[in-house]
Amino acid sequence: KQLGRFHNGAQYRKFVASVPSDLVCDVLQWSYVQPFGTTYPSPSKTSICTDLDECCLINNADEVTEVNMGCIPGAEWIPGGCEFNNFATRDIEAGEELLCDYEDFALPYGWQFFDL
């Protein structure tokens, strides 16, 4: 997984400023704030993440029953666990859209930690 991880707003702004103008909207669309190492997010325990590969092709499900990608039991035994991997949570049909629950990994209010 190719992931840009930024620990402060200045780093993220510098990265976005370096992206070619025809790709900036994509970068902004696929960026999110993620907690790490704690169940209680705080500015020191979050980072801005930008997916830079095919993982950004997984969309948010409208209903929890539509989710077909996420964490699975036993993932802690797989290198990277659920923090760095996506798993099929059920059989996925050919041509079916890949859907996850963004709230499993992203903080919708997390941008405030970075004044963004």
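For the structure itself, consult the block above.
Residues numbered from 1 in each chain as written. Predicted model: local features only at pLDDT ≥ 70, side-chain atom pairs only at ≥ 80, totals over all residues. Heavy atoms only, no water.

A few words on the overall build of the protein chain. Helix and strand content of the protein chain: 3 helices and 7 strands. Taking the principal axes of its C-alpha atoms as reference, the protein chain extends roughly 40 × 35 × 25 Å. In the protein chain, which comprises 116 residues, the proportion classed as buried is 31%. When the accessible surface of the protein chain is split by element, carbon and sulfur atoms take 55% of a total near 7700 Å². (Helix = DSSP H or I, 4+ residues; strand = E, 2+ residues; numbered from the N terminus. Buried < 20%, exposed > 50% of the residue type's maximum accessible area, 1.4 Å probe, protein only. Areas by Shrake-Rupley, 256 points an atom, 1.4 Å probe, with all protein chains shown as cover.)

With that out of the way, let us pick up unusual backbone geometry. Although it is not a glycine, Asp-115 adopts a positive phi angle of roughly 55°. Summarising the element assignment, Asp-115 is placed in the segment after strand S7 (99-100). Exposure remark for Asp-115: the relative accessible area of 68% places this residue in the exposed category.

A word on the pattern of salt bridges. Tallied over the entire structure, the rule returns 1 salt bridge. As a salt-bridge pair, Glu-96 and Arg-90 come within 2.6 Å of each other at their nearest N and O atoms. Relative accessible area serves as the criterion here: at 34%, Arg-90 is assigned to the partly exposed category. (Salt bridge = Lys/Arg side-chain N within 4 Å of Asp/Glu carboxyl O.)

Across the sheet, which stays open at both edges, the 3 strands sit in the order S1-S3-S2 with antiparallel pairing between neighbours. Sheet topology places strand S1 (3-6) and strand S2 (31-35) at the edges, where each strand pairs with a single neighbour. Each adjacent strand pair in this sheet contributes to an overall mean axis angle of 30°, direction not counted. (Pairing = 2+ DSSP bridges. Axes fitted to C-alpha atoms, helices over the stretch in contact; angles between N-to-C directions.)

Turning our attention to the nonpolar core. Grouped together as the largest cluster of nonpolar side chains are 10 residues: Phe-6, Tyr-12, Val-16, Val-19, Val-24, Val-27, Val-33, Ile-48, Leu-107 and Phe-114. Elements with a minimum of two residues in this core: helix H1 (9-18) and helix H2 (24-29). If near-sequence neighbours (up to four positions away) are discounted, Tyr-12 is found in contact with Phe-6, Val-27, Leu-28, Ser-31, Ile-48, Thr-50, Trp-111 and Leu-116. (Core = buried A, V, L, I, M, F, W, Y, C linked by side-chain atoms within 4.5 Å. Contact = heavy atoms within 4.5 Å.)

With that settled, the discussion passes to the pairing of S2. Consecutive residues of a regular strand have side chains that alternate between opposite faces of the sheet. Within S2, 4 of the 5 residues are buried, which leaves the element mostly enclosed by the surrounding structure. Bridging between S2 and strand S3 (residues 46-51) involves 5 bridges; their strand directions are antiparallel. Across the sheet, residue Val-33 finds its bridge partner in S3, namely Ile-48.

Per the counting criterion, the structure on display carries 4 aromatic pairs. Ring geometry for Phe-6 against Phe-15: centres 5.0 Å apart, planes inclined by 35°, an arrangement best described as tilted. Assessed through its relative accessible area of 10%, Phe-6 is described here as buried. With a centroid separation of 6.4 Å and an interplanar angle of 80°, the aromatic rings of Tyr-109 and Phe-113 are classed as edge-to-face. With relative accessibility at 43%, the residue Tyr-109 sits in the partly exposed group. These aromatic residues form a ring-pair network of at least three members: Phe-6, Tyr-12, Phe-15 and Trp-111. (Phe/Tyr/Trp six-rings, centres within 6.5 Å; stacked < 30°, edge-to-face > 60°.)

So far we have only geometry, and geometry alone does not tell us how the molecule works.
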